[in-house]
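Each chain is listed here by its residues.
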Amino acid sequence: MRRSYWQVNYWIGLLVLALSLLSSSWAIAIEASAPAKVKGSTAAQKNSPQKASSKKTAAKKTASSSRNKNAARVSANASGQGGRRSEVRRVAYRPADTRLSVGQQMGLHRVDDPLELRSSVALVVDQDTGQVLYEKNAHAVLPIASITKLMTALVVIEAGQNLDEILEISEADLDTEKGTSSRLRFGTRLSRAEALHLALMSSENRAASALGRYYPGGSSAFVHAMNAKAQLLGMSETHYADPTGLSSRNKSSAHDLARLMQVAYQYTLIREFSTSAGYTVLVNGRYQDFANTNRLIQHSDWLIGLQKTGFISEAGQCLVMQAVINGRSTIMVFLDAQGRLSRFGDANRIKDWLMTQQPGRLRSVTVSAKAEVS
C-alpha cells in the first residue's frame, strides 16, 4: 500500500514537471513571435537588426504594391482595358498638347533679347511721338487670336448701328473652329452694347459672332468690312477671316496692331468696355457676372486706357495695351508668348525697364530673329 502511494506521487510529480516545462516553452514562443513595443528606445531594433531590416523591406514592397494597384485602376478606368504596366505608364506620363505655335515654327523665339521677353514678338511705341522704344520681330505676321475683336468693335461702332438693338445668340454662333464653350447659351438675348462689352472685356466669342451676324449683309459682309478698314488704315500685313479670332487665318504684325490701337483709342466706348473690371448680364432670366481677361486691370500700379487679350494654340498668348508708364503714354503689343501668364510678365518687364530710363535719353532697342519673319 505504501509502495502504491509513493508510485502515484512519483508519476504525479513527473506530470507536473512536464506541464511546467511545456508552459514555459509556449510563453517563450509567444514572446518571440509578438512585435516588440518600443517607447523612447530603439533597443529592440538594435538587438534584432535583421528583423528591423526585413520589416522595412516588407513595408516598401507593400507601399509599392499599393501604388501599382492604384495606377493600374486609373489605367483600367481610363482605357476600359486591363491594368497592364504599359497602360499605366501611358496614363501617368502622357504629355500635354505639344503643338507648336506659328512663331515657334518660324524660330522667332531664338533671338538675343536683352529683356528676356517670353513673347516672340513685341513692340512698344510712344503714343504721342510715334517713337519706337522697343521692338522684337515686329514685322512678323502671325495669328492674332482674339486681338481680332478690336477691329470687330471698330467696325460695329463706325457703322453707326443701334447699340440698344437686341441680338439673340443662336446655333450660328457655335464655335466649330476650336470647339470652345460659352456661358451665353443659345436663345440668350442681349443688346448690341452688351455684346460689344462682353466681346472686348471677357473675349466672349459668341457675342463677337452675333455682332458680325447682325451686320447689314451678315457675317461675310462684316469680315469684308474688317479687311476694308485694315487697308484704309494702311495695315498691309493684316488679314481677317472672322470677327472672333478663333480662326488662325486672322493674322497681323505688331506694327499693324499698334496702328489699330491708335485708332481704337479714339473711341471712348472701346476704352471703357475693354478696361472695365467686371460686368453683369441677364442671361436666360439669371444674372451672370463676367470678368476681364487681363489680370493687370486689377493692379493699382497700372494705368491702362485700352487693352485686349487673345489665345489660340497657333497664336500663343497675346496682349495689346495702351498704358501710361512713368508719365509716358505707350502702346504695347505682345504676340506668341509661351505660358499662360507670360504676356503679363512681359508687360511688367517692359514697365520696369521704362521706369529706369531717363526722360529724353531713352535709346530704342531693336532685336530680331535670323529666321524669315514675313
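Our structure is the block above this text.
A short tour of the structure in this document, coming up. (Residues numbered from 1 in each chain as written. Predicted model: local features only at pLDDT ≥ 70, side-chain atom pairs only at ≥ 80, totals over all residues. Heavy atoms only, no water.)

Taken together, the 6 strands give an open sheet; going across it, the order is 9-10-11-1-2-12, and neighbouring strands pair in mixed fashion. The sheet is open, and its two borders are formed by strand 9 (304–312) and strand 12 (365–367), each paired with just one other strand. Shown here is a sheet whose adjacent strand axes are inclined to one another by a mean of 10°, direction ignored. Sheet analysis places strand 1 (residues 119–126) next to strand 2 (residues 132–136), joined by 4 bridges and oriented antiparallel. Directly across from Leu-123, in strand 2, lies its bridge partner Glu-135. The strands touched by helix 12 (residues 342–355) within the sheet are strand 1, strand 2, strand 9, strand 10 (316–325), strand 11 (328–337) and strand 12, with strand 10 carrying the most contacts at an inclination of about 30°. (Pairing = 2+ DSSP bridges. Helix = DSSP H or I, 4+ residues; strand = E, 2+ residues; numbered from the N terminus. Axes fitted to C-alpha atoms, helices over the stretch in contact; angles between N-to-C directions. Contact = heavy atoms within 4.5 Å.)

Attention shifts here to helix 6 (residues 148–158). Because the α-helix completes a turn every 3.6 residues, residues three or four places apart line up on one side. Of all 11 residues in helix 6, 10 are buried; the element is thus mostly enclosed. Burial in helix 6 covers these residues: Thr-148, Lys-149, Leu-150, Met-151, Thr-152, Ala-153, Leu-154, Val-155, Val-156 and Ile-157. Positive backbone phi, approximately 70°, marks Gly-160, located one or two places after helix 6. (Buried < 20%, exposed > 50% of the residue type's maximum accessible area, 1.4 Å probe, protein only.)

This part is about the nonpolar core. Leu-150, Met-151, Tyr-240, Leu-260, Ile-270 and Val-333 are the most contacted members of the largest nonpolar core, which totals 63 residues. If we ignore the near neighbours within four places in the chain, the residues touching Tyr-240 are Ile-144, Thr-148, Met-151, Val-223, Met-226, Asn-227, Ala-230, Met-235, Asn-250 and Leu-260. Counting 22 residues, the second largest nonpolar core, distinct from the first, contains Ala-122, Ile-297, Met-321 and Ala-347. (Core = buried A, V, L, I, M, F, W, Y, C linked by side-chain atoms within 4.5 Å.)

Below, the discussion takes up helix 12. For helix 12, spanning 14 residues, the distance from its first C-alpha to its last is 20 Å, which sits close to the expected 20 Å at 1.5 Å a residue. Turning to helix 12, its buried residues are Ser-342, Arg-343, Phe-344, Asp-346, Ala-347, Ile-350, Lys-351, Trp-353 and Leu-354. (Expected span 1.5 Å × (residues − 1).)

Along the chain, Val-111 turns up in the loop between helix 5 (102–105) and strand 1. Of the residues examined, Val-111 reaches a relative accessible area of 18% and is grouped as buried. Sequence separation between Val-111 and Lys-136 is 25 residues; the distance between their C-alpha atoms is 8.7 Å. Ignoring any residue separated from it by four or fewer positions in sequence, one finds Val-111 in contact with Lys-136, Asn-137, Val-367, Ser-368 and Ala-369.

Let's shift gears to the packing of helix 6 against helix 9 (residues 218–232). Between helix 6 and helix 9, the least distance of the axes is 10 Å, while the angle of their chain directions is 100°. Taken together, the axes of helix 6 and helix 9 are roughly perpendicular relative to one another. Between helix 6 and helix 9, the residues in contact are Thr-148, Met-151, Thr-152, Leu-154, Val-155, Val-156 and Glu-158 and Phe-222, Ala-225, Met-226, Lys-229 and Ala-230, respectively. Partitioned by chemical class, the residues of the contact of helix 6 with helix 9 number 8 nonpolar, 2 polar and 2 charged. (Parallel < 35°, antiparallel > 145°, perpendicular 65-115°, else oblique. Nonpolar A, V, L, I, M, F, W, Y, C, P; charged D, E, K, R; others polar.)

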